[in-house]
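Observations on the three-dimensional arrangement
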Amino acid sequence: MPAELSTQHTHTRYCAVERSLYTILLSVSHTSDLTTMASSSGLAGLAVLLTAVLCLQLPAASRAQLQVGFYDTTCPNAESIVQQAVADAFATNSGVAAGLIRLHFHDCFVNGCDASVLLSVNPAGGDPERDTPPNNPSLRGFEVVDAARAALEQSCPSTVSCADILAFAARDSINLTGSDVFYQVPSGRRDGSVSNGSLAFTLPGPNLTADELVKGFADRNMTAEEMVVLSGTHTLGRSHCNSFIVRNRERLASGTISPAYQALLEALCPANTSRFTNVTTEIDLSTPTVLDNNYYKLLPLNLGLHFSDDQLIRNATLKASVDSFAANETLWKEKLVAAMIKMGELQPKTGAEGEIRLNCSIVNTASSSSSSSARLIEVLRPGSDNEVASS
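Everything numeric in this text was worked out from a predicted model, so none of it was measured. (Residues numbered from 1 in each chain as written. Predicted model: local features only at pLDDT ≥ 70, side-chain atom pairs only at ≥ 80, totals over all residues. Heavy atoms only, no water.)

**Observations regarding the nonpolar core**
Inside soluble globular proteins, nonpolar side chains tend to come together where they are buried. Core analysis: the largest hydrophobic core is formed by 73 residues, its most contacted members being L103, L118, L152, L312 and M343. Counting residues per element, this core draws most heavily on helix α7 (residues 162-178), at nine residues. If we ignore the near neighbours within four places in the chain, the residues touching M343 are H104, F105, C108, F109, C113, M222 and L230. Counting eleven residues, the second largest nonpolar core, distinct from the first, contains F244, L265, I283 and L305. (Core = buried A, V, L, I, M, F, W, Y, C linked by side-chain atoms within 4.5 Å. Buried < 20%, exposed > 50% of the residue type's maximum accessible area, 1.4 Å probe, protein only. Helix = DSSP H or I, 4+ residues; strand = E, 2+ residues; numbered from the N terminus. Contact = heavy atoms within 4.5 Å.)

**A word on the state of the cysteines**
Under the definition given, this model contains four disulfides. The disulfide partner of C75 is C156, and the S-S distance across this bridge is 1.8 Å. Placement of the pair is C75 in the loop between α3 (60-63) and α4 (78-92) and C156 in the loop between α6 (142-155) and α7, with a sequence separation of 81 residues. We note that C75, like C156, is buried. Bridging C108 to C113, the disulfide has an S-S length of 2.0 Å. Across the disulfide from C108 to C113, rotation about the S-S bond amounts to roughly 120 degrees, and the bridge is consequently right-handed. According to the relative accessible area criterion, C108 is buried, its value standing at 1%. Its relative accessible area of 0% is what places C113 among the buried residues. (Disulfide = S-S within 2.5 Å.)

**A few points about the pattern of salt bridges**
Applying the stated criterion across every chain, the model contains 16 salt bridges. A salt bridge links D219 to K215; the nearest nitrogen and oxygen atoms lie 3.0 Å apart. Comparing D219 with K215 shows no difference in burial state: the two are exposed. With a closest N to O distance of 3.2 Å, K333 and E329 form a salt bridge. (Salt bridge = Lys/Arg side-chain N within 4 Å of Asp/Glu carboxyl O.)

**Remarks on the environment of M227**
Counting through the fold element by element, M227 comes out in helix α9 (residues 224-231). For M227, a relative accessible area of 0% corresponds to the buried category. Here M227 is in contact with L213, V214, F217, L312 and L318, once residues within four sequence places are set aside.

The analysis is restricted to geometry; functional conclusions fall outside its scope.
So this is what it looks like as structure tokens:
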């Protein structure tokens with residue numbers, strides 16, 4: 001075992017001992033009679049303080065560790081509850097899968113995976129992320145998250161974060177559309193309380209060049225290949241006319257889009273297309289509801305819907321990845337799983353950071369925050385043999 005991992009395990013298990021101490025002392029305070037309540041409360045308070053002090057002294061990498069099975073003890077049915085909510089929505093509208101994958105992506109790429117994209121109000125003032133042009137009106141799937149949140153509150157209140165719901169829902173969406181794709185999601189994220197709409201403009205958009213796309217991912221410590229891998233999820237879902245029609249007229253002039261394809265798009269989109277024109281089309285012409293590698297096969301035929309899609313074959317390094325994934329779907333899916341896990345570990349809030357939002361669209365009130373904080377020690381699970389280190 002590498003030295004740094006050994007150190008993390010040692011610190012994590014040391015923190016686990018202190019949490020066990022808290023649990024023991026808390027049980028004493030719960031079973032004590034009135035004559036011993038004061039002293040028991042004092043012991044419990046001391047345990048809380050001891051745990052907080054010792055755990056906060058751990059290295060940042062150790063404290064920020066996400067892990068598979070984080071809710072095994074505190075909410076054993078957490079993942080199945082989210083999975084059921086996604087499956088119920090998918091049965092009515094298969095397009096929701098693409099929406100949930102995109103929600104997770106747009107959350108993690110702005111200030112880390114903290115469910116900030118779900119907030120309907122920016123407590124600091126100004127527009128929240130979800131109301132800005134990169135997200136509105138194109139984001140969808142909020143109602144599925146709300147359904148999962150409600151079901152989880154019935155089963156295990158104040159335990160599962162909205163950020164983890166998003167991560168689980170994205171995985172389940174990939175599984176539903178890819179059939180043979182399933183992966184374990186490291187969890188333990190907590191929810192943020194800030195949603196700054198101006199930061200949403202840093203999201204990689206449909207009109208970026210290859211260099212801009214690579215830089216946007218590099219800024220999040222993700223590689224050019226991982227950018228191409230995650231772009232492959234465009235094999236699912238639909239896009240609004242405003243995201244492609246104007247830039248594609250430039251592509252037509254430069255010969256980088258099929259004239260017949262552009263003619264179809266022009267016939268579909270109104271001449272006065274604007275941001276809120278509610279006309280959409282499939283991104284993948286042939287299999288828009290199936291997670292496959294068809295997206296990569298369309299690009300060399302000049303059938304990429306967005307300028308950014310087409311840019312993947314205008315750069316020699318990126319095109320090599322496109323060609324590789326077009327020829328080998330299994331390889332792409334393997335790399336997709338790794339990229340999704342890595343993306344899901346971008347700057348998560350863990351431990352005592354953030355909160356467990358009881359309503360994913362608003363921050364907790366003072367009373368609900370107190371209730372959530374009281375359960376923090378139960379939700380914080382110590383490290384175990386199934387820890388997953390950041391990629």
